[in-house]
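# Chains, contacts and geometry: an overview
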Amino acid sequence: AAEPWPENAALYQQLKDEQILLSDNASSLAVQAFLQMCNLPIQVVCRANAEYMSPSGKVPFIHVGNQVVSELGPIVQFVKAKGHCLSDGLDEVQKAEMKAYMELVNNMLLTAELYLQWCDDVTVEEITHPRYGSPYPWPLNHILSYQKQWEVRRKMKAIGWAGKTLEQVLEDVDQCCQALSQRLGTQPYFFNKQPTELDALVFGHLFTILTTQLITDELSEKVKNYSNLTAFCRRIEQQYFEGHDKDSSTIAARSAKRSLLR
Amino acid sequence: MAAPMELRCWGGGWGLPSLHPQSLTVMAYAKFSGAPLTVNTLSSSWKAPKEDLPFLISEDNVISQPAKILNFLRKQKYNADYELSAKQGADTLAYIALLEEKLLPALLHTFWIEAENYFSVTKPWFASRIAFPLSLYLPGKMSREALNRILLTKGGPPLYSVTEVEAQIYRDAKECLNLLSKRLGTSQFFFGDTPTTLDAFVFGFLAPVYKVCFPRVQLQEHLKQLPNLCRFCDDILSCYFRLSVSGHSPAGQDTADANLQKLTQLVNKESNLIEKMDDNLRKSPQHPPRKLTTLKLAAGGEESGPFNRLSP
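Owing to the predicted nature of the structure, the values given are computational and were not obtained by experimental measurement.

For the rest of this paragraph, the subject is the overall build of chain B. The secondary structure content of chain B amounts to 11 helices and four strands. Split into buried and exposed, the 312 residues of chain B put 49% on the buried side. In chain B, once contacts between residues fewer than 6 apart in sequence are set aside, the share between residues at least 24 apart is 74%. Per element, the accessible surface of chain B, about 15,200 Å² overall, is 57% carbon and sulfur.

With that settled, consider the interface of chain A and chain B. On the chain B side, the residues contacting the 22 residues of chain A number 23 residues. Taken over both partners, the interface formed by chain A and chain B buries close to 2,200 Å², and the fraction arising from carbon and sulfur atoms is 63%. At the surface where chain A touches chain B, the tally comes to four salt bridges. Here Glu 97 of chain A makes a salt bridge to Lys 87 of chain B, at a shortest N to O gap of 3.9 Å. At the boundary of chain A with chain B, the tally comes to four residue pairs in polar contact (both at pLDDT 80 or more).

Further remarks concern the pairing of strand β3 (residues 61-64) of chain A. Residue and element names in this part refer to chain A. Alignment of strand β1 (residues 10-13) against β3, held across three bridges, turns out to be antiparallel. From the neighbouring strand, Tyr 12 faces β3, where its bridge partner is Phe 61. Taken together, the four bridges between β3 and strand β4 (residues 67-70) define a ladder with antiparallel strand orientation. Looking at the pairing, Val 64 lines up with Gln 67 of β4. Hairpin connection of β3 to β4: two residues between the antiparallel strands, including Gly 65 at a positive phi of 60°.

This next bit is on unusual backbone geometry. Residue and element names in this part refer to chain A. Here Val 59 and Pro 60 are connected by a cis peptide whose omega angle stands at 0°. Relative to the assigned elements, Pro 60 resides in the loop between α2 (50-53) and β3. Cis geometry marks the peptide bond from Trp 138 to Pro 139; its omega dihedral reads 0°. Positionally, Pro 139 belongs in the loop between α5 (121-132) and α6 (140-159). Not every positive phi belongs to a glycine, and Glu 71 is a case in point at roughly 70°. With respect to the helices and strands, Glu 71 occurs in the loop between β4 and α3 (72-81).

This next bit is on the packing of helix α1 (residues 22-37) of chain A against helix α4 (residues 92-118) of chain A. Residues and elements named next belong to chain A. Contact geometry for α1 and α4: axes closest at 8 Å, N-to-C directions at 150°. The angle between α1 and α4 falls in the class roughly antiparallel. Note on element contacts: α4 touches α1 through Leu 110, Glu 113, Leu 114 and Gln 117, opposite Leu 22, Ser 23, Ala 26 and Ser 27. Class assignment for the residues of the contact of α1 with α4 results in four nonpolar, three polar and one charged.

For the rest of this paragraph, the subject is the nonpolar core. With 168 residues, the main nonpolar core has Trp 5 and Ile 62 of chain A together with Phe 203 of chain B as its most contacted residues. Per element, the largest residue contribution to this core is 16 residues, and it comes from helix α3 (residues 86-113) of chain B. In terms of nonpolar packing, the next biggest core, distinct from the first, is built from six residues, Ala 10, Val 45, Ala 50 and Phe 61 of chain A among them.

A word on the UniProt feature "domain: Metaxin glutathione S-transferase" (unreviewed entry) in chain B. Taking the numbering used here, the UniProt-annotated feature "domain: Metaxin glutathione S-transferase" (unreviewed entry) corresponds to residues 173-236 of chain B. Strand forms 0% of residues 173-236 of chain B and helix 69%; the C-alpha atoms that close the span are 22 Å apart.

Residue and element names in this part refer to chain B. If you walk across this open sheet you meet the four strands as β2-β1-β3-β4, and the pairing is mixed. Each edge of the open sheet carries a strand with a single partner, namely β2 (37-41) and β4 (61-64). Neighbour-to-neighbour, the strand axes of the sheet open up by a mean angle of 20°, direction not taken into account. The pairing of strand β3 (residues 55-58) with β4 spans four bridges and is antiparallel. By the bridge assignment, Ser 58 is partnered in β4 with Asn 61. Of the strands in this sheet, β1 (5-9), β3 and β4 touch helix α2 (residues 66-75), which is tilted by about 130° from β4.

The subject of this paragraph is helix α6 (residues 162-184) of chain B. Given a rise of 1.5 Å per residue, 23 residues ought to cover 33 Å, and the 33 Å separating the end C-alpha atoms of α6 of chain B matches this to within 8%. Against α4 of chain A together with α3, α5 (134-154), α7 (197-211), α8 (218-224) and α9 (227-241) of chain B lie the buried residues of α6 of chain B. The first or second residue beyond α6 of chain B is Gly 185 of chain B, which carries a positive phi of 60°.

This part covers a nonpolar patch on the surface. Residue and element names in this part refer to chain B. Together, Phe 132, Leu 136 and Tyr 137 give the surface a local cluster of nonpolar side chains, amounting to about 400 Å² of exposed area. Looking at the secondary structure, you find Tyr 137 in helix α5. Residue classification places Tyr 137 among the partly exposed residues on the basis of a relative accessible area of 45%.

Below, the discussion takes up the sheet that holds β3 of chain A. Residues and elements named next belong to chain A. Read from one edge of the open sheet, four strands run β2-β1-β3-β4, paired in mixed fashion. In this open sheet, the two strands that pair with only one neighbour each are β2 (43-46) and β4. Averaged over all pairs of adjacent strands, the angle between strand axes in this sheet comes to 25°, irrespective of strand direction. Note: β1 against β2, four bridges, orientation parallel. Pairing of Gln 13 across the sheet is with Cys 46, part of β2. Of the strands in this sheet, β1, β2 and β3 are in contact with α1, which crosses β1 at around 170°. α3 contacts β3 and β4 of the sheet and is inclined by roughly 135° relative to β4.

Right, let's get into α9 of chain B. Spanning 15 residues, α9 of chain B covers 20 Å between terminal C-alpha atoms, matching the ideal 21 Å at 1.5 Å per step. The buried fraction of α9 of chain B is high, at 14 of 15 residues.

Right, let's talk about the environment of Ser 120 of chain B for a bit. All names here are of chain B. Within the secondary structure layout, Ser 120 lies in helix α4 (residues 115-128). For Ser 120, a relative accessible area of 32% puts it in the partly exposed group. Separated by 158 residues in the primary sequence, Ser 120 and Asp 278 have C-alpha atoms spaced 30 Å apart.

Rules and cut-offs
- Residue numbering note: each chain is counted from 1, following its sequence as written.
- Each chain takes a letter, starting from A, and each ligand takes a number, starting from 1, following the order in which they are written.
- Local features in a predicted model are, by the rule used here, given only for residues with pLDDT of at least 70; side-chain atom pairs are given and counted only at 80 or more, and totals for whole chains, interfaces and linings are based on all residues.
- No hydrogens and no water enter the side-chain calculation; it runs on all heavy atoms of the structure.
- Only DSSP runs of H or I with at least four residues qualify as helices, and only runs of E with at least two residues qualify as strands; both kinds are numbered from the N terminus onward.
- Accessibility here uses a 1.4 Å probe with only protein chains present; expressed as a share of the type maximum, an area under 20% marks a residue as buried, one over 50% as exposed, and anything in between as partly exposed.
- Whether two residues are in contact is decided by their heavy atoms: any pair within 4.5 Å suffices.
- In this description, accessible areas are obtained by the Shrake-Rupley approach with a 1.4 Å probe, and a residue is regarded as covered only by the protein chains that are shown.
- The quantity reported as buried area is the accessible area (1.4 Å probe) lost by two parts once they are put together, taken as the sum for both.
- Salt bridges are identified by distance alone: a Lys or Arg side-chain nitrogen within 4 Å of an Asp or Glu carboxyl oxygen.
- Nitrogen and oxygen atoms within 3.5 Å of one another constitute a polar contact, given that in protein one can donate a hydrogen and the other can accept it, and given that sequence-neighbouring residues count only through two side-chain atoms.
- Here, any two strands with at least 2 DSSP bridges between them count as paired.
- Note on definitions: angles span 0 to 180 degrees between N-to-C directions of axes, and those axes are lines fitted to C-alpha atoms, for helices only across the stretch in contact.
- For classification purposes, an angle smaller than 35 degrees is called roughly parallel, one larger than 145 roughly antiparallel, one from 65 to 115 roughly perpendicular, and anything else oblique.
- All residues other than Ala, Val, Leu, Ile, Met, Phe, Trp, Tyr, Cys, Pro, Asp, Glu, Lys and Arg, Gly among them, are scored as polar; the first ten of these are nonpolar and the last four charged.
- Residues belong to one nonpolar core when they are buried, are Ala, Val, Leu, Ile, Met, Phe, Trp, Tyr or Cys, and are joined through side-chain atoms within 4.5 Å.
- UniProt positions are given in the numbering used here, feature names are shortened, and annotations may be inferred rather than shown by experiment.
- Helix span, expected: 1.5 Å multiplied by one less than the number of residues in the helix.
- In this scheme, patches are assembled from residues that exceed 30% relative accessible area and form no salt bridge. Like charges are connected within 9 Å, while nonpolar side chains (Val, Leu, Ile, Met, Phe, Trp, Tyr) are connected within 5 Å.

The following block contains the structure:
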């Protein structure tokens, strides 16, 4: 923990153009945004088996020095131990609020993304199954897809989302976006002047929803209804992602490619 | 709007109107918003409920799940969030998500999975409330569902054994309690002087942890170290639920009752402080006898619970 941040720190995720799914892309982008906000250099490395390499089974994970840390929560703690913290200036009540809002995003937005990807039959057949197993030969691609789908559906059933219809899920997304929009108001970031990990998390999810093309545009329409949220995404993109040439080209290229292929 | 509404839910004990967090949340919200609900608690003479408890019946509509029930009450103009600003409404949603993600797993674990608690308290209590032979099957099913939920949401790698998951969820729950305590600070309710949806949810989750006497009580001990949360639960119990022992207030007398409640709140606060000092002195000798008699007095326990605290 006392070592400085190395130059060759890497962030691993699945293959950007063929394999990665909406929810994983959102999580990965959130971590990238957070590290950019802390001014820590990171290289994005795409591997087909990123999920299996990760210590917790979830992407993204970062490889720093000789340590491997996955998921935004533990990564924030790890970075804090190295001496970089975005939420130092907040008082206790604000920290409690920040944690609560991060849970809201995880609870509603992430679960809704997972639902849309794995429980909505049309999306599963046309987008998720082809993408998830694409790096692997037949029949492994089908087996892995079905296995993951079964796992996600079990989880949905345990938390009570299996009985929801798509309309109800979209309504929940709308409620969540409304809450975020009202909390953001006219401020540049959620806690006024300085960005925090909450801004990174919200950016990751909303930007991915806005720039990913699915079967219908209903999900991104829900976010577009709130103009301060789209302005927020654009502001963070301009400030943290267009300064680095390679990153801006990948983000622009990614959205262009997304609109061509499904 | 004038249609009679009936709420069916799990009954209570240990001074609480209900032991089930979701049922308690709905009951608290109904009291805060002045909705005239007839509360019917499940007893062993009832048929098995088809939907999950709690559920609300109003003119042939059957609504389950607390969020939907609260929405329905709001549409019927029983709105406890009337005075909240948009930002406070957003905060409500965020804190409810925090409660569900961080506190609920530990709550479920304390009630349903911790072996000593489950076999000595939870299972007998719930089994006594349902008709035979369902009482043999339903508590076990609820326990299995709770374990499933915890393992699926919290138990991925690198946490490979149930004990590691337990350690993690209790840590999360204690952190959540600390956050709630910091957010509440010294104010009466979470958003000023009137209780809202968030207060109903927090009360629903905290009160069972606070009041029910379990053999293994690490969460309760942690909660007792946060005096403002304990005071919050006690206030709501004494103001909103002691009055209901004799019956519920009809919708027409809402404002008069609200004023009366505020006055009684102030008076009760003072007497509560004095009682607490008395209670602290008496707590240690009282505990062992309470454990033995709890199961026997389960039926009459709810009535004698609040009254015990009044008589010094």
